[in-house]
Amino acid sequence: VQSIHNYSNRRNKPFVAQNCAALPENLFESILFGSVKGAYTGAIDKPGLFEEAHGGTLFLDEINSMPLNLQAKLLRVIQDGKVRRLGDNIDKKVDVRIITAMNVDPHRAIENNRIREDLFYRLNVVNIRLLPLRERKEDIMLYVKHFIDNYNQILNKKISGISKEVGELFLEYHWPGNVRELKHVIESSMNFATKEEIKLMHLPVYLSDNINIKKKDNDETSHINYNAEYSTSLDDIIEKIEKELIIKALKKSGGNISKAANILKITRQRLHYKLDKYNIKFS
């Protein structure tokens, strides 16, 4: 966190946010610092993010995606407390608290020349490391409730929560995409859920593949030899069980895809995906 001038009370002051990765490089400078008419083709008199955030806070997300030449100009603005619009010859004073975020380890970004070392240490006044979701799983259910409430309003639904099985899966899953991935999983699932709960059958296909198939009857998997050497990988064992359960469901349903999907408690779409995945031909 870095304030150009001071840490004065900024309550009810402007808050401006920008994801640096979402900006095209040729427009980056004008968006950040502003422009004057005639600076380039189609340019108009327009304040940049610093001017819009004057007296308040500017949040720059994924600052490591900012081009290095602009990082040098950002460093100068922080040091001088002045900005100059693109095409202008007049500097304007700004009082802005800057908050930045990175989606990679800062020191690794410096080593890979993704962020200037001098800019990082100039900004690094207060450093907060956010733990990945897999290291704070006690927060998962709080996020789940928040996202469900949010998408209930957007999608006009009345989903009350998730099933016990989905909750267990969420707590076991490693969430490589962190909170953003969880948000998208909830959004996707709520598009398929029709009743009060999100169930396993509503989850995205890639996530459901992480489910360990649970035995309903001991005899369904009793033929597999789990020896002490574990010569077969867990993934291979799970795939073998899953494939055999699908074949059994198809036999029991007489080859009817809808009935087989109902037996397996999954959607027709997921069953078709599994049939293609395991190259199961059934007629």
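Cut-offs applied
- Residues numbered from 1 in each chain as written.
- Predicted model: local features only at pLDDT ≥ 70, side-chain atom pairs only at ≥ 80, totals over all residues.
- Heavy atoms only, no water.
- Helix = DSSP H or I, 4+ residues; strand = E, 2+ residues; numbered from the N terminus.
- Buried < 20%, exposed > 50% of the residue type's maximum accessible area, 1.4 Å probe, protein only.
- Contact = heavy atoms within 4.5 Å.
- Areas by Shrake-Rupley, 256 points an atom, 1.4 Å probe, with all protein chains shown as cover.
- Axes fitted to C-alpha atoms, helices over the stretch in contact; angles between N-to-C directions.
- Parallel < 35°, antiparallel > 145°, perpendicular 65-115°, else oblique.
- Left-handed = near helix turned anticlockwise from the far one by under 90°.
- Nonpolar A, V, L, I, M, F, W, Y, C, P; charged D, E, K, R; others polar.
- Salt bridge = Lys/Arg side-chain N within 4 Å of Asp/Glu carboxyl O.

Participant: Sorry if this is basic, but what is going on with the overall build of the protein chain here?
Facilitator: Looking only at helices and strands, one finds 12 helices and 10 strands in the protein chain. Looking at the protein chain residue by residue over its 283 residues, the buried ones come to 37%. Long-range contacts, defined here as pairs at least 24 residues apart, represent 70% of the contacts in the protein chain between residues at least 6 apart. Within the structure as shown, the protein chain displays about 17500 Å² of accessible surface, and the carbon and sulfur contribution to it stands at 49%.

Participant: What is the right way to read the packing of helix α6 (residues 140–155) against helix α7 (residues 164–172) from this model?
Facilitator: Geometrically, a packed helix pair is captured by the angle between its two axes and the distance between the axes. Where α6 meets α7, the axes come as close as 10 Å, and the angle between the chain directions of the two elements is 125 degrees. Relative to α7, α6 is oriented oblique. Crossing angle aside, the handedness with which α6 passes α7 is right-handed. Contacts between α6 and α7 involve Ile 140, Met 141 and Val 144 on the former and, on the latter, Gly 167, Phe 170 and Leu 171. Among the residues forming the contact of α6 with α7, the class breakdown is 5 nonpolar, 1 polar and no charged.

Participant: What am I meant to see in the pattern of salt bridges here?
Facilitator: Note that side chains of opposite charge can pair when their charged atoms are close. Throughout the structure, instances matching the rule amount to 9 salt bridges. Between Glu 51 and Arg 85 there is a salt bridge, and its shortest N-O distance comes to 2.8 Å. Residue Glu 51 is found in helix α2 (residues 49–52), and its partner Arg 85 is found in the loop between β6 (82–84) and β7 (91–93); the two are separated by 34 residues along the sequence. Neither Glu 51 nor Arg 85 differs from the other in exposure class; each is buried. A salt bridge links Arg 84 to Asp 91; the shortest N-O distance between them is 2.9 Å. Residue Arg 84 is classed as partly exposed on the basis of its relative accessible area of 43%. Judged by relative accessible area, Asp 91 falls into the partly exposed class, the value being 41%.

Participant: Whenever I open this one, the side chain of Arg 136 confuses me. Can you help?
Facilitator: Examined against the element boundaries, Arg 136 turns out to sit in the loop between α5 (117–123) and α6. Given the relative accessible area of 16%, Arg 136 is considered buried. Filtering out sequence-adjacent residues up to four positions away, Arg 136 remains in contact with Leu 131, Tyr 143 and Val 179.

In short, geometric facts, not functional conclusions.
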